[in-house]
Amino acid sequence: MISIRIRVVVCLAVLCAAAMFMVPAAVCQESTQPARATRPSTDVTNFDTHLYLILGTNREMPEGKTPPILEPIVKTLRESMAFKHYSLAGTFLNRVTNNERLAVSWVGGPFLLPVSTSIGHPSFNHFGAVVRWIKDERGNELVRMTDFRFGSKVPIVTAQSSITNASTSSTTFPVVNYESVGLITDISMREGSPVIAGTLNLGPSGDAIVVVISAKRSGN
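Residues numbered from 1 in each chain as written. Predicted model: local features only at pLDDT ≥ 70, side-chain atom pairs only at ≥ 80, totals over all residues. Heavy atoms only, no water.

## Describing the sheet that holds strand 7 (residues 195–201)
Stage number 1. Within the open sheet, the 4 strands sit side by side as 2-1-8-7. Their pairing is antiparallel. Edge positions in the sheet fall to strand 2 (85–97) and strand 7, since each has one partner strand and no second. Geometrically, the sheet is characterised by an average inter-axis angle of 20° between neighbouring strands, direction not taken into account.
Stage number 2. Two elements, strand 1 (residues 46–57) and strand 2, share 12 bridges in a ladder whose sense is antiparallel. Looking across to strand 2, one finds that Ile54 is bridged to Leu88. (Pairing = 2+ DSSP bridges. Helix = DSSP H or I, 4+ residues; strand = E, 2+ residues; numbered from the N terminus. Axes fitted to C-alpha atoms, helices over the stretch in contact; angles between N-to-C directions.)

Have a look at this one:
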């Protein structure tokens, strides 16, 4: 009788010991399973950005036709800045994916020189920003441009020089230097609504570039 009880106790002890060894093994086996791959982002929203450069000047010059979308901007400029004329100096359309950086550089026509002296003296420009779709604290959807940068090297006439040859009459040429202007800011806007990002003075003439930006989700 006693031997039977001893056998039962020994068997139970063996089973308990086996169970203790099996549990850690199972836990280790489960922990070594590969983690599930994180689902990649599916947000491929594209934005069409519009950069408008408006020249404000007191020089006598014809004003071109302003796009209807910029009429409220020009009205605000006339009420707040004492320039006689405003003209659209350039319009630039670019596309960028949500939460990505847009960077563009280009050579454009001069902002400052009169037409008669402008040949061969373009401006050098660059524009960039990180564009993302956000919601403000009220839940309104906005387009956010972080680290918005616009810069330009513009030609400025500093003097007039004359060249005289024995066989020809004297010829006058403008002396042109390049001046760097630019701005860096963070800006938010309603989709499709242009806003003024900044105003840049162009030097002794008192002319200015007004930088206007807008963005909206692209249709395709």
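## Let's talk about the confidence of the model for the chain
Stage number 1. Confidence along the chain averages 79 in pLDDT terms, with 68% of residues attaining 70 or more.
Stage number 2. This model gives residues 21–40 a pLDDT under 50, and the stretch forms 0 contacts once residues within four places in sequence are excluded.
Stage number 3. Of the regions scoring below 50 in pLDDT, residues 113–118 engages in 9 contacts with residues more than four places distant in sequence or in other chains. (pLDDT = per-residue confidence, 0-100. Contact = heavy atoms within 4.5 Å.)

## Side note on the packing of aromatic side chains
Stage number 1. Within this structure, the stated rule accounts for 6 aromatic pairs.
Stage number 2. Their ring planes at 40° and their centres at 4.3 Å tell us that Phe92 and Trp106 sit as a pair that is tilted. With a gap of 14 residues between them, Phe92 in strand 2 and Trp106 in strand 3 (residues 100–108) connect regions that are remote in the sequence.
Stage number 3. Residue Trp106 is classed as buried on the basis of its relative accessible area, which comes to 15%.
Stage number 4. In this structure an aromatic cluster arises from ring pairing among Phe92, Trp106 and Phe150. (Phe/Tyr/Trp six-rings, centres within 6.5 Å; stacked < 30°, edge-to-face > 60°. Buried < 20%, exposed > 50% of the residue type's maximum accessible area, 1.4 Å probe, protein only.)

## Observations concerning the pattern of salt bridges
Stage number 1. Counting across every chain of the model gives 6 salt bridges.
Stage number 2. Among the salt bridges present, the one from Glu60 reaches Lys84, with a minimum N-O distance of 3.8 Å. Here the residue Glu60 occupies a position in the loop between strand 1 and helix 2 (71–80), and Lys84 occupies one in the loop between helix 2 and strand 2, the gap between them amounting to 24 residues.
Stage number 3. Between Arg149 and Asp147 there is a salt bridge, with its nearest N and O atoms 3.0 Å apart.
Stage number 4. Residues participating in the shared-partner salt-bridge network are Arg101, Asp147 and Arg149. (Salt bridge = Lys/Arg side-chain N within 4 Å of Asp/Glu carboxyl O.)

## Concerning helix 2
Stage number 1. For helix 2, the full list of buried residues reads Ile73, Val74 and Leu77. The buried residues of helix 2 all sit within an arc of 95° when viewed along its axis, so they share a single face. Along helix 2, the residues that are exposed and aim more than 90 degrees away from the buried face are Pro72, Lys75 and Glu79.
Stage number 2. Packed against the buried residues of helix 2 are strand 1, strand 2, strand 7 and strand 8 (208–217). (Arc of directions from axis to C-beta.)

## A word on the environment of Gly56
Stage number 1. Here Gly56 lies in strand 1.
Stage number 2. Sequence-wise, Gly56 and Val74 are 18 residues apart; in three dimensions their C-alpha atoms are separated by 9.9 Å.
Stage number 3. Not counting chain neighbours up to four residues away, the residues in contact with Gly56 comprise Phe83, His85, Tyr86, Asp207 and Ala208.

## Focus: the nonpolar core
Stage number 1. Counting residues in each nonpolar core, the largest one holds 27 residues, and the members touching the most others are Leu51, Phe127, Met145, Phe148, Phe150, Val211 and Ile213.
Stage number 2. Secondary structure elements with two or more residues in this core: strand 1, strand 3, strand 4 (123–135), strand 5 (141–163), strand 6 (171–189), strand 7 and strand 8.
Stage number 3. Per element, the largest residue contribution to this core is 6 residues, and it comes from strand 5.
Stage number 4. In this structure Phe150 touches Leu51, Leu53, Trp106, Asn125, His126, Phe127, Val181, Gly182, Leu183, Leu200 and Val211, once residues within four positions along its chain are discounted. (Core = buried A, V, L, I, M, F, W, Y, C linked by side-chain atoms within 4.5 Å.)

## Thoughts on the side chain of Asn125
Stage number 1. Residue position: Asn125 is located in strand 4.
Stage number 2. Reaching out from Asn125, the side chain makes a polar contact with the side chain of Ser123 at a distance of 3.3 Å. (Polar contact = N/O pair within 3.5 Å; in protein donor to acceptor, adjacent residues only side chain to side chain.)

## Describing the pairing of strand 1
Stage number 1. With 11 of its 12 residues buried, strand 1 lies for the most part within the structure.
Stage number 2. Direction of pairing for strand 1 relative to strand 8: antiparallel, over a ladder of 10 bridges. Paired with Asp48 across the bridge in strand 8 is Lys216.

## Side note on a nonpolar patch on the surface
Stage number 1. Taken together, the side chains of Val107, Phe124 and Tyr178 make up a nonpolar region of the molecular surface, amounting to roughly 280 Å² of accessible area.
Stage number 2. Along the chain, Phe124 falls in strand 4.
Stage number 3. The exposure class of Phe124 is partly exposed, given its relative accessible area of 40%. (Patch = residues over 30% accessible without salt bridge, like charges linked within 9 Å, V, L, I, M, F, W, Y side chains within 5 Å. Areas by Shrake-Rupley, 256 points an atom, 1.4 Å probe, with all protein chains shown as cover.)

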